[in-house]
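Each chain is listed here by its residues.
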Amino acid sequence: ALAADKLEKLDGLHSMEGALKKLKDDFKPTYASLGIFGFGAEMSLEAKRRLGTEEGRKAVAWWSRYNQLQAPNRHALFGATLTGNELKNYQSFTSKPSDAADVIKDSLDNQVNYTKDLYKSRRNAYESAGYAVEQLSPRKIDYEKSTKGAPEPAVKFLIDNPTEQNKKFFEEKYGYLP
């Protein structure tokens, strides 16, 4: 069987793909093209954070989730340290609040596809080397046993998005990890 650390990395890629797809599904064009010709986009987002309407708060929340996913996404794709070319490649498919809506959607598509392709190639390499890689999707979870008082959606979210930050938050809030 495949070593636990390698299986965890595969699972991280698989989870990242799902999280990026959800982010794309939740995206609205009003979250894009902030600022004037790209200048002041961060200030525009900050103004929405402090004074914004409900839609403005949704934009702030969306960009927070986007930024929250970028560190584990970068780590899953390239590891802890990036070479100059890896950093340039990574930066080429990340978005900013000043980008046009179509650019952001295309960027998310690229991230989803890259993550999916990397997952498939790593999985195929392990299987070609003779390792049995258990099926990662759909997850087989007994929510009755794993919730222990935490709401089922919270458990599912953690299992689908097992970042260190999410694990820490869940453990602090509910007192255990599923």
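Here the structure is a predicted model, which means the values were calculated and not measured.

Turning to the overall build of the protein, a few remarks are in order. If you tally the helices and strands in the protein, you get 8 helices and 0 strands. The order of helices and strands in the protein, counted from the N terminus, is α-α-α-α-α-α-α-α. A burial count over the protein gives 34% of its 178 residues as buried. When contacts within the protein are restricted to residue pairs at least 6 apart in sequence, those whose partners lie at least 24 apart make up 65%. By element, 54% of the accessible surface of the protein is carried by carbon and sulfur atoms, the whole surface being about 11,000 Å².

If you trace the backbone, Gly 56 turns up in helix α3 (residues 54-78). According to the relative accessible area criterion, Gly 56 is buried, its value standing at 5%.

Moving on, we come to the pattern of salt bridges. Throughout the structure, instances matching the rule amount to 6 salt bridges. For the salt bridge of Arg 65 with Asp 26, the shortest nitrogen-to-oxygen distance reads 2.8 Å. Residue Arg 65 is found in helix α3, and its partner Asp 26 is found in helix α1 (residues 4-26); the two are separated by 39 residues along the sequence. A residue is classified by how much of its surface remains accessible, and Arg 65, at 32% relative accessible area, is partly exposed. When the shortest N-O distance is used, the salt bridge between Arg 123 and Glu 127 registers 3.1 Å. On the criterion of helical spacing, the pair formed by Arg 123 and Glu 127 is a turn pair, its members being 4 residues apart in helix α5 (residues 101-128). Taken together, the shared-partner salt bridges connect Lys 22, Asp 26 and Arg 65 into one network.

Within the structure shown, the criterion is met by 6 aromatic pairs. Ring plane angle 85 degrees and centroid distance 6.0 Å describe the contact between Phe 27 and Tyr 31, whose orientation is recorded as edge-to-face. Look at Trp 62 and Trp 63: their rings are 4.8 Å apart centre to centre, the planes differ by 85 degrees, and that puts the pair in the edge-to-face class. Take Trp 63: its relative accessible area is 1%, and that puts it in the buried class.

Below, the discussion takes up the confidence of the model for the protein. With 72% of its residues at a pLDDT of 70 or more, the protein has an overall mean of 75. Between the elements of the protein, mean pLDDT differs from a low of 38, seen in helix α6 (residues 143-147), to a high of 89, seen in α5. Low pLDDT (under 50) marks residues 137-148, which in the prediction has 18 contacts with non-local residues, meaning those over four places away or in another chain.

Turning next to the nonpolar core. Soluble globular proteins: nonpolar side chains tend toward being buried together. Core analysis: the biggest nonpolar cluster contains 16 residues, and Phe 27, Trp 62, Ile 104 and Leu 108 have the highest contact counts within it. At the level of elements, α1, α3 and α5 are the ones that each hand at least two residues to this core. With 5 residues, the single largest contributor to this core is α3. Those residues in contact with Ile 104 that sit more than four places away from it in its chain are Phe 27, Ala 32, Trp 62, Trp 63, Ser 95, Lys 96 and Asp 99. Counting residues in hydrophobic clusters, the runner-up holds 8 residues, among them Leu 2, Leu 13, Leu 118 and Tyr 119.

Attention now moves to α5. For α5, which comprises 28 residues, the first-to-last C-alpha distance of 40 Å matches the rise-based estimate of 40 Å (1.5 Å per residue) to within 8%. Residues Ala 101, Ile 104, Ser 107, Leu 108, Gln 111, Val 112, Thr 115, Leu 118, Tyr 119, Arg 123 and Tyr 126 constitute the buried set of α5.

Relative to each other, α1 and α5 sit at 160 degrees, their axes nearing to 9 Å. Regarding the angle of α1 to α5, the classification is roughly antiparallel. Handedness of the α1/α5 crossing: left-handed. From α1, Lys 6, Leu 10, Leu 13, His 14, Met 16, Glu 17, Leu 20, Lys 21, Leu 23 and Lys 24 reach across to α5, where they touch Lys 105, Leu 108, Asp 109, Gln 111, Val 112, Thr 115, Lys 116, Leu 118, Tyr 119, Arg 122, Arg 123 and Tyr 126. Residues of the contact of α1 with α5, tallied by class, amount to 10 nonpolar, 3 polar and 9 charged.

Parameters and conventions
Residues numbered from 1 in each chain as written. Predicted model: local features only at pLDDT ≥ 70, side-chain atom pairs only at ≥ 80, totals over all residues. Heavy atoms only, no water. Helix = DSSP H or I, 4+ residues; strand = E, 2+ residues; numbered from the N terminus. Buried < 20%, exposed > 50% of the residue type's maximum accessible area, 1.4 Å probe, protein only. Contact = heavy atoms within 4.5 Å. Areas by Shrake-Rupley, 256 points an atom, 1.4 Å probe, with all protein chains shown as cover. Salt bridge = Lys/Arg side-chain N within 4 Å of Asp/Glu carboxyl O. Phe/Tyr/Trp six-rings, centres within 6.5 Å; stacked < 30°, edge-to-face > 60°. pLDDT = per-residue confidence, 0-100. Core = buried A, V, L, I, M, F, W, Y, C linked by side-chain atoms within 4.5 Å. Expected span 1.5 Å × (residues − 1). Axes fitted to C-alpha atoms, helices over the stretch in contact; angles between N-to-C directions. Parallel < 35°, antiparallel > 145°, perpendicular 65-115°, else oblique. Left-handed = near helix turned anticlockwise from the far one by under 90°. Nonpolar A, V, L, I, M, F, W, Y, C, P; charged D, E, K, R; others polar.

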